[in-house]
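# An overview of the molecular structure
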2 protein chains.
Amino acid sequence: MLWSGWGDPAKASDLPGPVRKLLEDLLGVRAPETPAADLAEIRPPAPALPPAVLDELRAVIGPEHVRADDETRIRHARGRSTPDLMRLRAGDVSGAPDAVLLPGSHDEVVELLRVCAARRVAVVPFGGGTSVVGGLTADGGVMERYAGLVALDLARLNRLVAVDPESMVAELEPGLRGPQAEELLARHGLTLGHFPQSFEYATLGGFAAARSSGQASAGYGRFDDLVVGMTVATPRGTLELGRAPKSAAGPDLRQVILGSEGAFGVITSLRLRVRPAPRVRLYEGWRFASFAEGVAALRRLAQDGPPPTVLRLSDETETMVGLAKPGAIGASASGGGCLVVTGYEGAEEETRLRRERTAEVLAGLGGTPLGAEPGESWAHGRYSAPYLRDSLLAAGATVETLETAAFWSGLPRLYDAVRLALHGALGSPLVMCHISHVYATGASLYFTVVTAQSGDPLAQWEAAKHAASEAIVAAGGTISHHHGVGRDHLDAYAAEIGELGVEILRGIKERLDPEGVLNPGVLIPSD
Amino acid sequence: MLWSGWGDPAKASDLPGPVRKLLEDLLGVRAPETPAADLAEIRPPAPALPPAVLDELRAVIGPEHVRADDETRIRHARGRSTPDLMRLRAGDVSGAPDAVLLPGSHDEVVELLRVCAARRVAVVPFGGGTSVVGGLTADGGVMERYAGLVALDLARLNRLVAVDPESMVAELEPGLRGPQAEELLARHGLTLGHFPQSFEYATLGGFAAARSSGQASAGYGRFDDLVVGMTVATPRGTLELGRAPKSAAGPDLRQVILGSEGAFGVITSLRLRVRPAPRVRLYEGWRFASFAEGVAALRRLAQDGPPPTVLRLSDETETMVGLAKPGAIGASASGGGCLVVTGYEGAEEETRLRRERTAEVLAGLGGTPLGAEPGESWAHGRYSAPYLRDSLLAAGATVETLETAAFWSGLPRLYDAVRLALHGALGSPLVMCHISHVYATGASLYFTVVTAQSGDPLAQWEAAKHAASEAIVAAGGTISHHHGVGRDHLDAYAAEIGELGVEILRGIKERLDPEGVLNPGVLIPSD
């Protein structure tokens, strides 16, 4: 992974000419004056961790699994939000951990947490490092309250532990990245069906801890739907959850750890629902005259089911720009209106029937079939948007995404409110939106914002993000459908769950992590 | 509701001759020597609640909504487990509350809880009073630790507040009994589709607080699946949850209240997913040669979906006795093997397709179609088993149910373990089992036990229940799939979630109910 950007450096590409021209003409984007920082030339801050504690940690997992070199520390300093990238590109690695720990087993994680709690060392659990909500950067106050800061990198917990083909459950370790997990499962003819945009780099542990939702959620469900059991390491020992798919034995404690973002414990094993690898994968495009008509069609599919495996509706602006097909942006072959991408994965006959039924509903509600091209083009470019962001940042544009969800009847108001807030804060940004996760009772809204940088680009974006978050809270949406809370959503999250909701989190935190060493500053507002 | 039994006294019936003979010949059941207690002749214990506190409570909701007469107190003393009924029939109403409070609004509930916390009065939230796990009886230590005990009866919170037809969400109050809720929704052409055996008496609040699962769960899902939002009153104020169907904003706090059995707060409003009332309702029967073959067929339907709306498999013993058709027990028309009941509810075309597909799968896996009769007969008698229990108790037999769930691969071991434990504890009981809730990864097991009473029938059953619970824990099942924890499952539940799981509950309890007045002794093991 690029240290200050996304993915494989070999896949980075310059912006196509038409896009560059669009940015200049439409948004007034100008190339930045200062070049991005060079990894070789920046240094993380002097480590605070006492050498004796470092030795204690080395004794637990072996010295070769404790890294304190500059590059490793820098690579664990931040996530992959646009503010993260802006800071990295400016050479700001102030959040870098003092050391990176690479445990090899659940017991080692428990022991590391015990030592860190005893020595008051803050611990940031680290999976793929792809958080876009500030989930990986301990707060500025950490150095005062703690003796040091370590990242707990789960990369070595990367096994497929067991497959239970009868129950269609697989036990997998949290450090597996998306493609690694899929490859291991493919040998058994199985799939998780979880393909978020971060798929290539994010890990299973991160998917669970941050309640990820994949592009095929209409068919396979969210990641939290797939989790039937988990093992969790905490500073006070082990938590083992999930004896049955569903239970009436008290609150569902799995749902307390899902979304806990490393603040309650470290997930060291996951029992996940798996499915047969699909024999067929088909993607198509449809056009609707307006976003409202498209929304009505998606709602019908979500409520009457079974929906397609992939279901995505771009609004007019996103359709015009062609964002659903990053490889062909600016090609403007959309013909106006709003693009719907439908995907069908599964066994032949079942897939055929689902596709027929979906086509019938879409056509009946005013949709025009566009054939396979727009769908296949979307599928081809499904993981490439983050690369595009790096190119846009380099060209002097700010680009960032934010997302929310609400019940169907509240979506139009939420959509308007967020767009209004972003326009109010940024002047004339390009604001695009799509729906890519639907439920019987509601759906998500995913916004992509592009704007010319002006003044301090970080402060400029943070003001816009603040305005958008306030609009989401006021319009009754949730502050995140699948990105999580981290530090960036802390205030809006507290408003969303209210004082007593925050008290629930504090009550749990106090019992599982009494010294408060786990991911401080994330998820739980300080007292 | 009968004060010491089930349901409408007019519907009570004597045991049919063949059943009585079966009990005598097979199990050695003899008529009890002492008749059941008479409501008019028993008295609850003297109330402990100071009159000044009672006046304070009266001031909140009006004196007409605070009841302290003997009959009302007795009717709120216990739930409807067999031990509850045995105690009531013996005239033991020691758990009766000092008073019964009937608030009329959320704000009144909040205020009552505030007063009770300030005065250290224990509060048992009371919906339909149908708990079968001791969820309604405060523990024996209550009188020492508290100034008194009140039941908070939610019967007056019985409105359909709003319908959002676009989102297919209805807001309903928790005191609505199943049929009341369905009647109100039917006026809008809607249904919840939640039909547990307790349907006629249990309330929506109880369904949520105890994670109920209905007989049509294969099609409509569990009750917790239907809850998209809720308002909760606690001694510290109001908790408002659920801004979207799904969210990545932290742990799903709805899942903390669902299953909390009144120990964290009182649910005063529910936003529930609703569906169009079905146009078609069809039930059929199938026969499989063995339970194992039936299980394999159910698993196939659950994993390949879409499953029927109702899916129930009786084991050999339950099939032989004919328990799936309480109106025809002993008629012995089953022809051996194991009975499967399938039900299909929905729109015409969709229902027809689902039925065809299910028939194909069942026939392909060795099932023999039995036509509509066994299914319709099941549907006809679906709520009558609790009436049968009263007749059996009167005849001198002990009958009780218990249930669990596990992943598919663990079901056979769990099934054997529970049966072995019950036989070990009771000698030669009749142990019947069915599966009525299926998931892609596992299913529930529901046992019905009938035995002759010997010695102290209560102690006899409690020993058997203890053995069965230990067997469930040891075999890796959950202690309850849809009955809940209450007081009866406290030890097994603590073993299931472990020390840190219990700590999570304590941490939440401490923050929402610092004085510990809510349903003491239920759900959370004492320190």
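Presented here is a report on the structure given in the accompanying data block. (Residues numbered from 1 in each chain as written. Chains lettered and ligands numbered in written order. Predicted model: local features only at pLDDT ≥ 70, side-chain atom pairs only at ≥ 80, totals over all residues. Heavy atoms only, no water.)

### Concerning the interface of chain B and chain A
A common way to state how big an interface is: give the accessible area lost once the parts meet. Spelled out, the test is: Here a residue-residue contact requires only that any non-hydrogen atoms of the pair lie within 4.5 Å. A quick way to say it: buried area is the sum, across both parts, of accessible area lost when two parts are put together, with a 1.4 Å probe. Between Lys or Arg on one side and Asp or Glu on the other, a salt bridge is scored when a side-chain nitrogen of the former is within 4 Å of a carboxyl oxygen of the latter. Here a strand is any run of E in DSSP of at least two residues, a helix any run of H or I of at least four, and the numbering for each starts at the N terminus.
Counting residues at the interface gives 76 residues for chain B, matched by 76 residues for chain A. Summed over the three residues of chain B that lose the most area to chain A, namely R243(B), L500(B) and R511(B), the buried surface amounts to 14% of that side. At the junction of chain B with chain A, the criterion picks out eight salt bridges. Across the pair K246(A) and D225(B) runs a salt bridge whose closest N-O atoms are separated by 3.8 Å. Taken together, the elements giving at least two residues each to the side of chain B that touches chain A come down to β8 (227-234), β9 (237-241), α11 (254-257), α12 (291-304), β16 (397-407), β18 (442-452), α18 (457-474) and α19 (490-512) of chain B.

### Concerning the pattern of salt bridges
Under the convention used in this document: Burial classes: relative accessible area under 20% of the type maximum marks a residue as buried, over 50% as exposed, and values in between as partly exposed (1.4 Å probe, protein chains only).
Inspection of the entire model under this criterion finds 60 salt bridges over all chains. Between R352(B) and E349(B) there is a salt bridge, with the nearest N and O atoms lying 3.1 Å from each other. Taken together, the positions of R352(B) and E349(B), both in helix α14 (residues 348-364) and three residues apart, correspond to about one turn of that helix. Of the residues examined, R352(B) reaches a relative accessible area of 40% and is grouped as partly exposed. Because the salt bridges share partners, they merge into one network encompassing R236(A), R511(A), E503(B), R506(B) and E510(B).

### Points about the relation of the copies chain B and chain A
We count it as follows: In superposing the copies, a least-squares fit is computed on C-alpha atoms, taking residues whose pLDDT is at least 70 in both.
Between chain B and chain A, which share one sequence, the superposing operator has a rotation angle of 180° and an axial displacement of 0.0 Å; the RMSD is 0.0 Å. Viewed as a symmetry operation, the transformation between the two copies matches a two-fold axis. Within chain B, the C-alpha atom positioned nearest to the axis of rotation is that of G507(B), 2.1 Å from it.

### Concerning the pairing of strand β5 (residues 160-164) of chain A
Our working rule: Strands pair, by our definition, only if DSSP identifies at least two bridges between them.
Inspection of the sheet shows β5(A) paired to strand β6 (residues 169-172) of chain A by four bridges, in the antiparallel sense. Along β6(A), the bridge assignment pairs V163(A) with A170(A).

### Here's the deal with the packing of helix α17 (residues 411-426) of chain A against helix α18 (residues 457-474) of chain A
All names here are of chain A. Which entries qualify depends on this criterion: Only the stretch in contact is used when a helix axis is fitted, and all axes are lines through C-alpha atoms; the angle between N-to-C directions ranges over 0 to 180 degrees. Should an angle lie under 35 degrees it is considered roughly parallel, over 145 roughly antiparallel, and from 65 to 115 roughly perpendicular; all remaining angles are considered oblique. Crossing handedness is defined as follows: a turn of the near helix away from the far one that is anticlockwise and smaller than a right angle gives a left-handed crossing, while the clockwise case is right-handed. Think of it as three bins: nonpolar holds Ala, Val, Leu, Ile, Met, Phe, Trp, Tyr, Cys and Pro, charged holds Asp, Glu, Lys and Arg, and polar takes everything else, Gly as well.
Viewed as axis vectors pointing N to C, α17 and α18 meet at an angle of 155°, and their least axial separation amounts to 8 Å. By the criterion of interaxial angle, the relationship of α17 to α18 is roughly antiparallel. For the pair α17 and α18, the sense of crossing is right-handed. Along the contact surface, α17 presents R413, L414, A417, V418, A421, L422, A425 and L426, while α18 presents Q460, W461, A463, A464, A467, A468, A471, I472 and A474. Split into classes, the residues belonging to the contact of α17 with α18 amount to 15 nonpolar, one polar and one charged.

### A few points about the packing of aromatic side chains
For clarity, the threshold we go by: The aromatic pairing rule takes the rings of Phe, Tyr and Trp, using the six-membered ring of Trp, and pairs them if the centres are within 6.5 Å, calling planes under 30 degrees apart stacked, those over 60 edge-to-face and the rest tilted.
Inspection of the entire model under this criterion finds 14 aromatic pairs over all chains. By way of ring pairs, the aromatic residues F195(A), F199(A) and Y383(A) are connected into one cluster.

Taken by themselves, the reported measurements are silent on function.
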